[in-house]
Amino acid sequence: MASVPHVTDVDTATFEEAVLERSHEVPVVVDFWAEWCGPCRTLGPTLEAAVTARDGDVVLAKVDVDSNQQLAQQFRVQGIPAVKAFRDGKVVDEFTGAINAQQVEAFLDGVVPTVADRLAADGRRLTTSDPAAARAAFEKALAEDGDHRGAALGLAELLVEEDPDRATELATPHRPDPRAETVLQRVSLAEGAGDLQALSDHAEANQDDDGAMLPYGRALAAAGHHEEAIEVLLHGIGLHGEHKDELRGVLVDVLSVLGDDDPRVPDARRRLARLLF
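Caption draft 1: Seen up close, the overall build of the protein chain. Helix and strand counts for the protein chain come out as 14 helices and five strands. Here the C-alpha radius of gyration of the protein chain, 26 Å, is well above what a compact globule of 277 residues would show, namely 19 Å. When its C-alpha atoms are laid out on the principal axes, the protein chain stretches across 80 × 40 × 25 Å. For the protein chain, the proportion of its 277 residues judged to be buried stands at 41%. For the protein chain, the exposed surface amounts to about 14,700 Å²; the carbon and sulfur share of it is 47%.

Rendered as structure tokens:
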């Protein structure tokens with residue numbers, strides 16, 4: 001293949017770096033083709049021209065299926081040309097067979113990040129290091145696309161404590177996305193949490209009152225003291241009082257916020273199961 005800007009030949013040895021890893025930086029369109037395939041020879045130049053015209057917003061990787069049968073099997077290529085678009089290491093769109101130039105452009109339009117996509121990505125990248133800049137990026141993304149899921153949820157995550165009403169407004173349309181559910185759970189935990197020290201003193205003085213454990217556990221969770229919240233809530237549930245179901249609901253919210261990858265979650269679930277059953 002002649003040298004074409006933003007187009008490269010890829011094989012089994014280079015696929016992970018050239019496609020999967022690269023797709024975290026820029027969309028990568030993979031053309032599975034073969035020299036003997038007439039439709040491939042028709043589609044190939046059209047794809048190359050369209051990608052080149054976008055000047056780096058997307059790159060094209062060409063895979064000869066005859067020389068790389070393992071890759072073709074791995075990605076379930078059953079007919080060629082087979083074109084698969086990768087973003088963040090995953091296939092996000094695909095088609096099989098030759099299509100015309102207009103259809104190729106429409107396909108690339110769906111793959112290449114929009115202005116809102118780029119702004120939302122900037123916001124996500126800045127969330128920890130510069131929350132103010134992240135918030136500005138998310139706001140700009142929503143000004144471009146008011147329904148942008150990533151921008152709405154990114155901004156909602158930043159606003160849970162400062163502006164829970166807006167966080168709820170931003171997250172609710174995107175249910176049941178797990179990020180939206182987590183935002184709403186965090187808002188719920190923060191509601192009516194009260195003064196942490198006063199609730200701590202009250203709980204300490206009323207160790208046998210599950211009603212004292214409920215607001216204290218909620219306040220700990222709202223303040224981000226998740227491990228302490230888990231202990232307080234489990235203690236309250238173990239009292240088997242009238243607030244057991246409410247305590248369990250708050251604990252479930254806390255565990256959902258932490259997520260399944262948090263090592264504290266499986267242990268807490270096992271302990272909860274023992275208390276309930």
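Caption draft 2: The pattern of salt bridges, seen in detail. Under the definition given, this model contains 17 salt bridges. A salt bridge links Glu-139 to Arg-166, with the nearest nitrogen and oxygen atoms 2.7 Å apart. Here Arg-166 lies in helix H8 (residues 164-171) and Glu-139 lies in helix H6 (residues 131-144), a separation of 27 residues in the sequence. Accessibility expressed as a relative area gives 28% for Glu-139, which makes it partly exposed. The salt bridge partner of Asp-177 is Arg-149, with a shortest N-O separation of 3.3 Å. Residue Asp-177 is located in the loop between H8 and helix H9 (178-190), and its partner Arg-149 is located in helix H7 (residues 149-159); the two are separated by 28 residues in the primary sequence. Members of the salt-bridge network, linked through shared partners, are Asp-31, Glu-48 and Lys-62.

Caption draft 3: Structural context of the confidence of the model for the protein chain. On average, residues of the protein chain carry a pLDDT of 92, and 97% of them reach 70 or more. Put simply, H9 is where the protein chain has its lowest mean pLDDT, 86, and strand E2 (residues 28-33) is where it has its highest, 97.

Caption draft 4: Representation of the state of the cysteines within the structure. With the rule as written, the count across this model stands at one disulfide. Across the disulfide from Cys-37 sits Cys-40; the S-S distance is 2.4 Å. Its S-S torsion of approximately 80 degrees makes the covalent link between Cys-37 and Cys-40 right-handed. Neither residue differs from the other here; Cys-37 and Cys-40 are each classed as buried.

What counts and how
Residues numbered from 1 in each chain as written. Predicted model: local features only at pLDDT ≥ 70, side-chain atom pairs only at ≥ 80, totals over all residues. Heavy atoms only, no water. Helix = DSSP H or I, 4+ residues; strand = E, 2+ residues; numbered from the N terminus. Rg over C-alpha atoms; globule rule 2.2 N^0.38 Å. Buried < 20%, exposed > 50% of the residue type's maximum accessible area, 1.4 Å probe, protein only. Areas by Shrake-Rupley, 256 points an atom, 1.4 Å probe, with all protein chains shown as cover. Salt bridge = Lys/Arg side-chain N within 4 Å of Asp/Glu carboxyl O. pLDDT = per-residue confidence, 0-100. Disulfide = S-S within 2.5 Å.

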